[in-house]
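The primary structure of each chain is shown beneath.
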Amino acid sequence: MTKPDPRHSSKPPRDEAEAAPQGEMVYGRHAVLSMLEGDRPVNKIWMLRSLEKDALFPKVRQLAKAKGASVMLTERGKLDQLTEGATHQGIVASVATQAYVDLDEVIAQAKAHPQPLVVLLDGVEDPHNLGAIIRSAECAGAHGVVIPQRRSASLTGVVEKTAAGALAHMPVARVVNLPRAIEELKDAGFWVVGAEASGDRWLYDVDLTGPIALVIGSEGEGMHRLVTEKCDFVAKLPLLGKTTSLNASVAAGVMLYEAVRQRLVASK
């Protein structure tokens, strides 16, 4: 069976087990297995916790892993919520609106341009923020967006709508380990610049004209420690009022367009 997911608050979820995507939901053993064995991209799988010892669980986990999707064990109430009380047989899946690409593909596409620019998101869980960042990234001429498999919004209908058409032109890679992805970008010649209120320099003092990967942290916690440590530069933005942080999508827009400004000046 398939069913459109009901509307939910845009408030960032507290953890993945509570996260409910706003996109097409597929549920029931046969339907979910058929989808996993087919070509459709998948965001996440939710399974009833009591099915962990069922023969279905290792098969679902193996198929989901091949698609880069996580499998979350949860309670019946969560599955009932996701399906609005429909008969789900203990398993529910969220279908992505667009297929994810490999990180290698993002790197290759970016390196084909004279000024490669990639955006990495460290725990941006609000789908509206993800959609807005994808839109800004596409408008600023970025060549790809990278998100982690866990603790991140996925490519749902809300993301697609908020991106206002930009998602069709922006490859999105989903990776298991973001620090490892940063290392791969470094090996490919990228300089990695993260945004943090405690940064040791202003963003405007960082050279953003070469191959650059910009890292945006989560709405509440910023970048995780390991991600911060992997950055070549940790930059800060001026906060002249009493509010202590910017919305993640706004911070991304500021960083992207500072890169645009520097590149336009350098090209004259």
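Scroll up to find the structure.
Nothing here was measured: the structure is a model prediction, and the numbers come from that model. (Residues numbered from 1 in each chain as written. Predicted model: local features only at pLDDT ≥ 70, side-chain atom pairs only at ≥ 80, totals over all residues. Heavy atoms only, no water.)

Chemist: I'd like a description of the environment of A64, backed by residues and values.
Modeler: In this structure, A64 sits in helix α2 (residues 56-66). Taking the relative accessible area as the measure of exposure, A64 reaches 0% and is therefore buried. Separated by 39 residues in the primary sequence, A64 and L103 place their C-alpha atoms 18 Å from one another. (Helix = DSSP H or I, 4+ residues; strand = E, 2+ residues; numbered from the N terminus. Buried < 20%, exposed > 50% of the residue type's maximum accessible area, 1.4 Å probe, protein only.)

Chemist: An account of the packing of helix α4 (residues 103-111) against helix α7 (residues 178-187) is needed here, citing residue identities and associated values.
Modeler: Two quantities define a packed helix pair, namely the angle between the helix axes and the distance between the axes. Interaxial distance between α4 and α7 falls to 11 Å at its minimum, and their mutual angle equals 30°. Viewed along their axes, α4 and α7 adopt a mutual orientation that is roughly parallel. α7 is crossed by α4, and the crossing has right-handed handedness. The residues of α7 that touch α4, namely those facing L103, D104 and I107, are A181, E184 and L185. Its residues assigned to classes, the contact of α4 with α7 comprises four nonpolar, no polar and two charged. (Axes fitted to C-alpha atoms, helices over the stretch in contact; angles between N-to-C directions. Parallel < 35°, antiparallel > 145°, perpendicular 65-115°, else oblique. Left-handed = near helix turned anticlockwise from the far one by under 90°. Contact = heavy atoms within 4.5 Å. Nonpolar A, V, L, I, M, F, W, Y, C, P; charged D, E, K, R; others polar.)

Chemist: An account of the packing of aromatic side chains is needed here, citing residue identities and associated values.
Modeler: Under the definition given, this model contains one aromatic pair. The ring of W202 has K236 lying over it, and the distance from NZ or CZ to the ring centre is 4.8 Å. (Phe/Tyr/Trp six-rings, centres within 6.5 Å; stacked < 30°, edge-to-face > 60°. Lys NZ or Arg CZ within 6 Å of the ring centre and 35° of its normal.)

Chemist: Go over the packing of helix α1 (residues 29-37) against α2, please, and point to the residues and values.
Modeler: Running from N to C, α1 and α2 point in directions that differ by 30°, and their axes come no closer than 9 Å. Taken as axis vectors, α1 and α2 run roughly parallel relative to one another. Crossing angle aside, the handedness with which α1 passes α2 is left-handed. Here R29, L33, L36 and E37 of α1 come into contact with α2, specifically with L56, K59, V60, L63 and A64. Residues of the contact of α1 with α2, tallied by class, amount to six nonpolar, no polar and three charged.

In short, geometric facts, not functional conclusions.
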